[in-house]
Structure formats: C-alpha cells, structure tokens
Amino acid sequence: MRLKEALLRGLGREEFDELDSFLLGTVGGRAPGFPAAGPDALYERAEHRRVAHLLHSRAGREASGGIEVNRRFSRVMFDHNLRTWEEIAGAFADAGIRVAGVKGLFLGALLRRTADQARVTTDLDLLVDGRSLDAAMEVLASLGFVSGLDIKDHAFLRMSSRAIRELEAQQGSYGQVAPMARLLKLPEMDPVAEDIGRWLPGRKLVRTSAGVRSLSVVDLHFDMGHRDASGARHAIPAGELLDSAVTVRHGGTDVRTLDHATMTWLLCYRAYCDIALFGERRLKLFADITDLIRRGGWPSGAVEAAVARYPFIARPIEETLRFLREECAVDPGAWRDPGVRRDPGPRRDPAPPPATPATPATPATPATVRGTVLVCHGWGSEPGSSPWVGRLSGQLARRGMAVVELAPFAAAGDVPGLSEVAETLRERVEVARKDTGGAPVGLIGVSLGSAAALAAVAGGAAVDFLVTVGTVASADVGVTADGGPRELLARYGGGAGDDERVPFLTGQVRLGFLRDLVACAGGTDLGAVTSPVLVLSGGTDNEWRLRDAATVAAHAEARGDGSARRDFPAGNHTLDNAAVGTASAVLSWLTALGVLG
C-alpha cells in the first residue's frame with residue numbers, strides 16, 4: 001500500500017482531518033499561527049500524535065495550558081533520560097556489552113535538541129547484539145528494571161501488563177524484547193498533577209497519594225526488522241548497526257547513538273513499516289526524519305550501501321522520501337555530512353574490543369591511595385561474600401581508593417555488641433585518616449553493619465560519605481513471625497543474665513547482644529549524622545527495613561548536601577542480586593559528590 005494512502009485514509013481507523021493536515025504542515029515547517037479550532041484542540045491532537053514538542057515555541061503568544069504542561073514534562077524527562085542513559089551506559093561498559101540508542105533522546109543528541117525542543121518520552125530504545133541479549137537483560141535487572149508485571153505499584157500493574165501484551169501481539173514487528181521498567185517518582189510534576197489527566201492522557205503518568213509516578217521504560221532491540229504478509233522475516237541485526245555508532249556530547253553527557261546517515265535511512269524504513277504495515281499514524285517519525293534531512297540532506301551513498309545489504313528496505317525508504325517531498329515539502333538536497341566538523345559534532349569512536357571476563361583490579365598501594373572505604377558487613381556475611389562489594393572494590397581500586405572489608409557479625413553466637421562495633425569503626429576511620437594524609441574516607445554499612453555505621457558517624461566518626469544498604473536504623477532488624485529483639489527480650493529476658501543464649505536470625509546470641517542492639521540502634525541520633533548519605537534498598541526487603549531506609553533518607557536529603565536514596569524494585573535485602581546496578585549507583589554518586597574527581 002502506498003504510504004500516502006495508508007496515512008491519509010488511516011486504514012479504516014480515525015479519519016485524517018484538518019487538525020492532522022495542520023500538524024503535517026507543521027512537520028514540513030509550513031503552518032504559522034493556530035487553526036480555527038484553537039490552541040487547546042490543536043494541542044490535544046498534537047499530543048495524541050506525539051508531536052506536541054513542535055508547538056512548544058508557540059506557547060507565550062497564544063498559549064495552551066496543555067503546551068505548558070507538556071513543556072514542563074519535556075524538561076523533566078530530558079534530564080531524567082540523560083541520567084538514566086548515563087547509568088545504563090556505565091553498567092553495560094562494566095559488563096563488556098556494546099550498546100547504542102535510537103530515536104528519542106538519541107536522535108535529540110544528534111540534532112542538538114534542547115529540553116524544550118525534545119520530544120517527550122519515558123522510553124529509551126537501545127540496540128544490543130543478539131548474542132549479548134541475555135547479559136543485557138541481567139544488567140537492566142541489576143539496575144532495578146523489571147518486567148511490567150513485577151512493578152510494585154498497583155497503579156501501573158494494568159498499564160504495564162497491557163503494554164507487554166500489545167508489544168507481543170504487534171503485527172509484523174519483531175526483534176524487540178518486551179519492555180523492562182522501573183518506577184519513577186516525579187516530584188517536579190506534582191504542581192500540575194491536576195492537569196495530567198486532561199493534558200497528558202496517553203502517558204504512563206498517574207497521580208498517587210505520594211505524588212506523580214511514572215514508568216521509566218527500556219526497550220531492547222536485537223533486530224530492527226519486520227515480517228511481511230507471508231510471515232517471512234526481514235532483519236537488520238542490531239549488532240551490524242552498532243558498527244556505525246558514534247558518541248555525541250549532549251547535555252553534559254556522552255550519548256552513544258547511530259551516525260546521522262544511518263539514523264536517517266533507518267527511520268525512513270521504520271516510518272513506512274509503522275504506517276503502511278502496522279497501521280499506526282506516526283507523524284512523530286516524519287517530524288524526526290524531516291529534522292535529520294534539514295540538517296544533513298539526503299545520504300544517498302549511505303542509503304545505496306544499506307539497500308545493497310538489506311534489499312527489503314528499498315521500497316519503504318523510497319515511499320517515505322516521496323511522501324516527505326509531496327506532502328511535507330521537504331527538499332532532501334545534497335548530503336552535507338553534519339558530523340565531526342560541527343560544534344563539537346558526533347565523533348566516530350573505534351569499535352570496542354570483544355567482551356572479556358572481568359579481571360581483578362590491582363590493589364591500590366599505600367603510595368597511590370587517594371582514599372579509603374571501610375565496608376561493614378551484616379549478619380553472617382564474610383569478606384568477599386558480596387558480589388557488588390567485590391565489583392565496587394575493583395572499580396575503586398583502579399581509581400586509587402582502598403577498600404577494607406570488615407565482618408564483625410560473621411560468627412553467629414559470639415558476635416560483639418553493636419556499640420562495640422560502632423566504636424571499632426570510629427577508631428578505624430580515625431586511623432585511615434592519618435594513614436592517607438587527609439584523603440577521603442567513607443563508610444559502607446550493609447544490613448546490621450549499616451546500624452553500626454550510622455551509630456559510628458553519629459558518635460563522631462569523621463567520614464566524607466556514608467552508604468547504607470538494607471538499612472537498619474532501629475532494633476527491628478531481626479523481626480520475624482516470632483517477633484523482634486524487643487519481643488525476644490520480653491520473652492526470655494526477665495532475670496536472665498547477659499550470657500544467656502536465645503535464638504536470633506540464623507543462630508543464637510547472648511541476651512546481652514540483644515540488649516545492646518535495642519539500646520544502640522534505637523538510640524542513634526540521626527540528626528548527628530551530618531555527612532552525605534546514599535541509602536540503597538531492595539524492593540523485596542521487609543517493611544521494617546524499608547521504613548528505616550525512608551527514615552534515614554528523609555533526614556539526610558533534608559540537608560541538601562548531595563544525599564540521595566536509590567531503590568531497586570527487584571533487589572533483595574543486601575542487593576547481592578543487583579551487583580552491577582549497586583556498584584554503578586555507588587560510583588555515580590561518589591563521582592557526583594566529587595570524591596572520585
């Protein structure tokens with residue numbers, strides 16, 4: 001079917017009317033002012049067609065409330081998507097996986113789109129080699145991205161499951177993994193929460209008692225292909241597209257995407273597939289392609305080479321180009337290569353070496369140490385037992401920071417009291433400061449170790465930063481069906497002495513340990529913890545530890561010193577099932593604080 005017929009007739013769906021015609025003219029740069037229907041009606045249609053970003057510059061002259069809400073959302077997601085890409089790119093690099101992005105943020109990077117010019121999207125479309133697909137999904141899971149059905153927010157349960165079913169049933173398309181998502185809190189959108197239902201009805205945005213929530217979604221593409229009417233598959237392997245990837249500096253972040261010419265012909269192919277084959281009216285793709293052509297012209301040489309390699313893209317590209325000429329008055333012009341000569345221009349990076357197993361980092365020697373991190377493990381854990389601590393240690397060692405692991409609670413039954421461990425940590429911090437000549441010193445506390453770390457810092461340990469994982473800030477660390485430490489003391493304490501042993505967690509402890517735990521953990525003055533704090537928690541942890549994490553984070557974030565909280569929806573108590581993401585989160589935070597330079 002001809003592209004024009006498919007778009008204008010809508011394949012029997014909603015008709016193409018004057019508002020669509022106006023928007024198509026806007027895509028081609030020919031539509032001044034507003035149509036007779038008015039700015040609100042125009043905005044509603046533009047948002048439905050996902051081209052509302054084309055109207056952002058009109059706000060202020062004859063403004064629509066919807067344009068203002070959309071523009072606010074655009075700015076918020078621009079920053080969020082950049083941060084999310086940076087996090088994912090770092091984790092993929094650590095895992096030796098090649099990755100680049102298409103459309104959305106990545107196209108915006110090629111075109112130097114500002115936050116106001118960017119098309120609003122909560123999705124990141126990533127290309128990975130099919131051979132790396134399983135590893136890539138593991139990395140995303142480690143970063144807290146889970147299948148939609150596992151999102152722990154009832155407002156998104158229906159939305160996410162529907163999105164997956166729709167993707168799996170999408171006619172003709174293949175080569176894409178059902179989206180992985182994590183919950184996104186958007187306090188910046190809270191002031192316009194009342195307007196979201198009207199002005200952003202099709203977005204994954206909901207109002208809750210805790211504020212506006214959304215889903216941050218990643219789609220993995222291992223092929224960019226389609227099935228024809230006979231069911232035959234036509235594929236453009238993502239691994240081959242990655243060979244044309246470039247790095248563009250965008251918003252202060254290095255963004256990995258396809259080069260300008262490849263992005264142009266690939267989106268032409270996808271525009272035809274989406275409209276003529278799948279029956280979707282995708283004005284947004286025409287707007288994107290038009291911007292690409294205006295900046296770079298028509299990459300005839302690159303298109304000829306691509307058609308020679310993938311003959312099935314010839315007609316889709318030809319039809320798309322014809323439509324752009326006839327309906328949008330787009331003049332392809334000669335290819336002008338907008339690459340490395342521009343400011344600063346996309347630069348083609350050398351192909352990365354094949355992925356190899358990670359090798360242990362060379363430990364930092366006293367002469368090269370530029371900081372020390374003390375890790376206090378929790379109940380039953382030993383040095384070297386945590387995957388993410390091992391990964392973090394190697395990465396910090398390459399930056400000159402020494403990591404020392406302490407496991408005071410490893411031997412069940414004979415463990416020291418929490419207050420004793422806190423004092424030991426305080427002393428170790430003091431020694432580390434002297435040994436490294438004033439270089440940064442930090443504490444990481446895991447589970448029960450986080451209670452000791454918090455008590456140590458509240459008691460005067462002079463650290464530059466504190467990280468808590470599976471946070472314990474009360475005596476409820478061991479709450480089970482039989483109760484917690486307080487209940488155990490009430491049951492067994494009575495007149496019993498401190499040496500009397502009682503069951504606790506996976507072993508037995510002295511009653512004196514429980515008495516000290518209740519007094520120390522329950523008595524920690526969080527207001528005395530004045531160092532920047534990063535609070536990491538897993539969504540599958542129990543309600544008491546999640547409550548403690550929220551309490552510590554609230555105290556820390558109120559200071560505005562860079563303290564932060566990061567949740568991993570699928571993570572367990574100690575985040576050992578989220579090794580890549582946890583190590584990445586700590587590194588990113590330390591970098592933002594300036595600890596790593």
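The rules behind the values
- Residues numbered from 1 in each chain as written.
- Predicted model: local features only at pLDDT ≥ 70, side-chain atom pairs only at ≥ 80, totals over all residues.
- Heavy atoms only, no water.
- Helix = DSSP H or I, 4+ residues; strand = E, 2+ residues; numbered from the N terminus.
- Buried < 20%, exposed > 50% of the residue type's maximum accessible area, 1.4 Å probe, protein only.
- Contact = heavy atoms within 4.5 Å.
- Areas by Shrake-Rupley, 256 points an atom, 1.4 Å probe, with all protein chains shown as cover.
- 1 Å grid on protein atoms, 1.4 Å probe; cavity = no way out; pocket = protein on both sides within 12 Å on 5 of 7 lines; lining within 4 Å.
- Points joined across faces, edges and corners; volume = space filled by probe spheres on them.
- Nonpolar A, V, L, I, M, F, W, Y, C, P; charged D, E, K, R; others polar.
- Phe/Tyr/Trp six-rings, centres within 6.5 Å; stacked < 30°, edge-to-face > 60°.
- Pairing = 2+ DSSP bridges.
- Axes fitted to C-alpha atoms, helices over the stretch in contact; angles between N-to-C directions.
- Parallel < 35°, antiparallel > 145°, perpendicular 65-115°, else oblique.
- Left-handed = near helix turned anticlockwise from the far one by under 90°.
- Polar contact = N/O pair within 3.5 Å; in protein donor to acceptor, adjacent residues only side chain to side chain.
- Right-handed = clockwise from strand over helix to strand, strands pointing away.
- Expected span 1.5 Å × (residues − 1).
- Arc of directions from axis to C-beta.

> Talk me through the overall build of the chain; I want residue IDs and the actual numbers.
For the chain, the helix and strand inventory stands at 20 helices and 17 strands. In the chain, which comprises 597 residues, the share counted as buried stands at 56%. Sequence separation of at least 24 residues holds for 74% of the intrachain contacts in the chain that already meet a minimum separation of 6. Only carbon and sulfur atoms are counted for the fraction: they give 50% of the accessible area of the chain, which is about 24,700 Å².

> I'd like to hear about empty space enclosed by the protein, residue by residue, with values.
What the rule picks out here adds up to 4 cavities of 30 Å³ or more. Of the voids in this model, the largest cavity is the one considered here, and its volume is about 130 Å³. Together, 13 residues line the largest cavity, and F78, G104, L105, A118 and R119 are the ones closest to its centre. Ranked by the residues each element gives to the lining of the largest cavity, the list is headed by helix α4 (residues 65-94), at 4 residues. Its residues placed into classes, the lining of the largest cavity shows 5 nonpolar, 6 polar and 2 charged.

> Please provide a residue-by-residue account of the packing of aromatic side chains, values included.
In this structure the tally under the stated criterion is 7 aromatic pairs. Judged by centre distance (4.8 Å) and plane angle (20°), the ring pair of F286 and F323 falls under stacked. Of this pair, F286 sits in helix α11 (residues 283-296) while F323 sits in helix α13 (residues 314-328), and the two are 37 residues apart along the sequence. What makes F286 buried here is its relative accessible area of 0%.

> Describe in detail the sheet that holds strand β16 (residues 533-538), supporting the description with residues and values.
Pairing is parallel in the open sheet, where 6 strands are placed in the order β11-β10-β12-β13-β16-β17. The strands lining the two open edges of the sheet, one partner per strand, are β11 (402-406) and β17 (564-568). Each adjacent strand pair in this sheet contributes to an overall mean axis angle of 15°, direction not counted. Note that β16 and β17 share 5 bridges and pair parallel. Within β17, the residue paired with S537 across the bridge is D567.

> So, the side chain of H53: which residues are in play, and what are the values?
Tracing the backbone shows H53 in the loop between α3 (39-48) and α4. By relative accessible area, H53 is classed as buried at 7%. When residues no more than four places from it in sequence are discounted, the contact partners of H53 are D116, Q117, A118 and R119.

> Tell me what's going on with the packing of α4 against helix α6 (residues 133-142), and back it up with residues and numbers.
Running from N to C, α4 and α6 cross one another at 130°; their axes reach a closest spacing of 10 Å. Relative to α6, α4 is oriented oblique. As α4 runs across α6, the sense of the crossing is right-handed. Facing I88, A91 and F92 of α4, the residues of α6 in contact are A136, V139 and L140. Counted by class, the contact of α4 with α6 contains 6 nonpolar, no polar and no charged residues.

> So what's going on with the environment of V586? Residues and values would help.
Among the structural elements, V586 can be located in helix α20 (residues 579-593). We classify V586 as buried; its relative accessible area is 1%. Between the C-alpha atoms of V586 and L392, which are 194 residues apart in sequence, the distance is 7.9 Å. Ignoring sequence-local partners within four residues, the contact set of V586 consists of L392, V467, L534 and L536.

> Give a detailed account of the side chain of H226, specifying residues and quantitative values.
As for its placement among the helices and strands, H226 is situated in strand β6 (residues 211-227). Assessed through its relative accessible area of 7%, H226 is described here as buried. Engagement of the side chain of H226 in a polar contact is seen with the side chain of Y269, the distance being 2.7 Å.

> Pulling in residues and values, what's your account of the pairing of β11?
Looking along a regular strand, one sees side chains alternate from face to face of the sheet. As judged from the 5 bridges shared by strand β10 (residues 372-376) and β11, these two strands associate in the parallel manner. Paired with V375 across the two strands is E405, which belongs to β11. Handedness of the β10-helix α14 (residues 387-397)-β11 crossover: right-handed.

> Account for the environment of P191, with residues named and values stated.
Within the secondary structure, P191 sits in the loop between β4 (173-185) and α8 (193-199). Judged by relative accessible area, which is 62%, P191 ranks as exposed. Between the C-alpha atom of P191 and that of V212, which follows or precedes it by 21 residues, the distance is 9.3 Å.

> How would you summarise helix α19 (residues 543-557) if you had to cite specific residues and measurements?
Counted at 1.5 Å a residue, the expected span for α19 with its 15 residues is 21 Å, and the 21 Å between its end C-alpha atoms agrees. Among all positions of α19, only R545, D548, A549, V552, A553 and A556 are buried. The arc that holds every buried residue of α19, seen down its axis, measures 130°, which confines them to one face. Of the surrounding elements, those touching the buried residues of α19 are α16 (448-458), β16 and β17.

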